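Working through the structure, step by step
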Amino acid sequence: AALAAAAGIAVASSLYGLAPGGATASSHREAPLISADPTVDNTDLYAFVSPEREDYVTFVANWSPFSEPNGGPTFYPFATDARSNVHVDNNGDARPDATFRWTFRTIDKRGNKTFLYNNGPVTSLDDENLLFRQTYTLESSFNGGPFITRIRNAPVAPSRVGPASMPDYQTLRDQAVIDFPGGWKGFAGQAEDPFFLDLRVFDLLYGTDLSETGQDTLSGYNVNSVALQVPKSAVTRAGDPVIGIWSTTSRPSVRTTKSDGTQSYQGKFVQVSRLGNPLVNEVVIPAGLKDAFNALPPHKDATVQPAVDRVNDPEVPKLIEKIYGIKAPAAPRDDLVAVFLTGVEGLNKPKGKGVPSEVLRLNTSIAPAADPNRLGVLAKDNAGFPNGRRLGDDVVDIGLQALEGAVRTGKIVEPLAKGDGVDANEVAFLDAFPYVALPNDAAVNTRTQVQGTKQTRAGNAPAGSTGGNAPAGGVAAGAGGTANAAGRTEGRDTAPLAAGLLVVAAAGFGSFGFRRMRAAKVNG
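Here goes a summary of the coordinates provided. Computed from a prediction, not measured in an experiment: that's the story for all the values here.

Listing the buried residues of helix α8 (residues 316-324) in full gives V316, P317, I320 and Y324. Down the axis of α8, the buried side of the element spans an arc of 100 degrees, and every buried residue falls inside it. Positive backbone phi, approximately 80 degrees, marks G325, located one or two places after α8.

Below, the discussion takes up the packing of aromatic side chains. By the definition in use, this model includes 10 aromatic pairs. These aromatic residues form a ring-pair network of at least three members: F59, F100, F142 and W184. Its end group placed over the ring of F269, R83 keeps NZ or CZ at 3.8 Å from the ring centre. Stacked on the ring of F293, the Lys or Arg R274 has its end atom at 4.2 Å from the ring centre.

Right, let's talk about the side chain of E404 for a bit. Examined against the element boundaries, E404 turns out to sit in the loop between α10 (395-403) and α11 (406-409). At 6.4 Å, R333 is the nearest oppositely charged side chain to E404, a buried residue that forms no salt bridge. Beyond its immediate sequence surroundings of up to four residues, E404 is in contact with P317, I320, I326, K327, P329, R333, V413 and L416.

Let us look at the environment of I285. For I285, the location among the structural elements is in the loop between α5 (280-284) and α6 (290-295). With relative accessibility at 4%, the residue I285 sits in the buried group. For the pair formed by I285 and V308, sequence separation is 23 residues and the distance between their alpha carbons is 8.9 Å. Leaving out residues up to four positions away in the same chain, I285 has contacts with V280, K290, F293 and A307.

Moving on, we come to the pairing of strand β2 (residues 56-67). Of all 12 residues that make up β2, 12 are buried, and the element is covered over most of its length. Relative to β2, strand β1 (residues 42-49) runs antiparallel, the two being bridged by 7 bridges. Across the sheet, residue A47 finds its bridge partner in β2, namely F59. In this structure, the hairpin formed by β1 and β2 is closed by a connection of 6 residues. The pairing of β2 with strand β9 (residues 222-231) spans 9 bridges and is classified as antiparallel.

Moving on, we come to the nonpolar core. Counting residues in each nonpolar core, the largest one holds 66 residues, and the members touching the most others are F59, F100, W102, Y136 and V235. With 5 residues, the single largest contributor to this core is β2. Once residues lying within four places of it in the same chain are set aside, the contact partners of V235 are V57, F59, V88, N90, A98, F100, V230 and I243. Formed by 27 residues, the second largest nonpolar core is a distinct cluster that contains V304, A338, V339 and V344.

The buried fraction of α10 amounts to 9 of the 9 residues, a majority that puts the element mostly inside the structure. Following α10 by one or two positions, G405 has its phi on the positive side, about 105 degrees.

Bringing the sheet that holds strand β8 (residues 185-192) into the picture now. One open sheet holds the 5 strands; their spatial order is β1-β2-β9-β8-β7, and the pairing between them is antiparallel. Single-partner strands in this sheet number two, and they are β1 and β7 (178-179). As paired strands, β8 and β9 are joined by 8 bridges and run antiparallel to one another. If you follow F187 over to β9, its bridge partner there is A227.

Another point: the pattern of salt bridges. Considering all chains together, one arrives at 19 salt bridges under this definition. Between R160 and D441 there is a salt bridge whose closest N-O contact spans 3.6 Å. Separated by 281 residues along the polypeptide, R160 in the loop between β6 (148-155) and α2 (169-175) and D441 in the loop between α11 and β13 (448-451) bring together distant segments of the chain. On the basis of relative accessibility, which here comes to 21%, the residue D441 falls in the partly exposed class. Through salt bridges that share partners, R333, D334, D335 and R408 make up one connected network.

Rules behind the numbers
Residues numbered from 1 in each chain as written. Predicted model: local features only at pLDDT ≥ 70, side-chain atom pairs only at ≥ 80, totals over all residues. Heavy atoms only, no water. Buried < 20%, exposed > 50% of the residue type's maximum accessible area, 1.4 Å probe, protein only. Helix = DSSP H or I, 4+ residues; strand = E, 2+ residues; numbered from the N terminus. Arc of directions from axis to C-beta. Phe/Tyr/Trp six-rings, centres within 6.5 Å; stacked < 30°, edge-to-face > 60°. Lys NZ or Arg CZ within 6 Å of the ring centre and 35° of its normal. Lys, Arg positive; Asp, Glu negative; His and termini not counted. Salt bridge = Lys/Arg side-chain N within 4 Å of Asp/Glu carboxyl O. Contact = heavy atoms within 4.5 Å. Pairing = 2+ DSSP bridges. Core = buried A, V, L, I, M, F, W, Y, C linked by side-chain atoms within 4.5 Å.

As structure tokens, then:
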């Protein structure tokens, strides 16, 4: 019944007019309907205890994947006909006890005068040269109460047009960081996409010979981010520090376009996108249920038996066993049920019975790690994924290990320990709020071209990738290739590494189905 209702909501959302847009992907293409409407696609969700303010928790939610820096003249505004939400459950019933809601407004002064986003250098958010700008209103609701406006008409950091138009983008970013009453901090604007992974798995598992591994597929692209920092006491309940977090986007169920091009909206707001953990809808939920899952509220997750069955007996380990001979852990998978549906006992499982639901769970009593480990809990760093999610958590490698039984055994699955070969973001995150890096402003297609097994790359290469001048932790030339002074890799056929197909399995399925596929990124 819950699945049928969700399917009905998905159909209602399609009536809105989810026609293919100009962007290349949405929710990193995990569900058919939302893939056609990127401005309302929840790409990634992060939640962690703030490292410089340990009495506060930070939420970061992203939309509009594959925002290529040169995507003018419209660039990448937030959707103004939608509600963007972050929900928090603090009693384990999978229903929101706190909801933070952003709505956006556009101020477009171009009219019939110009096609330009700006008509001169922009040095501040209120610069008259900035012809297209946005503001947002943030509202909050606690314990089912009415929504209270926290701030109205707050400035949004614009899309980063380029150095001639925005010579000091850091200043624009700083002006978009807002201090609210009560110690809250807020931010909305464009940012470098923080997710890092290699997604060439779709090309016959990294070219069948590892020649396509170790490159951050999402490098070079941006996203639209909102970040919010609030006191722990605002989102937790007495006696239980564990919270469950998920983000959603809702739109009116009907959009009408008149002959003159103007649009109007009516009908009930319906949920069209949803995100908790960075794995479930991509790898666990089968294609036929993905749209319905995006429309389903978490408290109904456990009623959808086909989805629960896929958690208990997932597909990816079976594929790895079939193709690469690495035996899949025995079902039923109580370990994955804990990670994705109930919380892990002694780590982030809420007190009381609780309702199984797919949300990102965070134990706010666990202090930030002095030296964070990218593998999080698997590396004994309990401040990391799957206890919340920090920007630097390598959720692809962690997810692969979890699927292959590492949570059950407490040991890393050694044949898959190398993961996808992308261990860190190539752009450093900030040490303080809003943590996300400045958006990229160089064209993606100037940096990487893939021709067969040869890769040509200009400029600086991200950590763990091939070609160019690699920063600390990077590789100056790919396996089997040589780099010249111009930063160009003259590739040749790359022989399999010593671990052979086992490493392909690690790289391939470690990133298989994870949210978003992006191509080369430049230092911000």
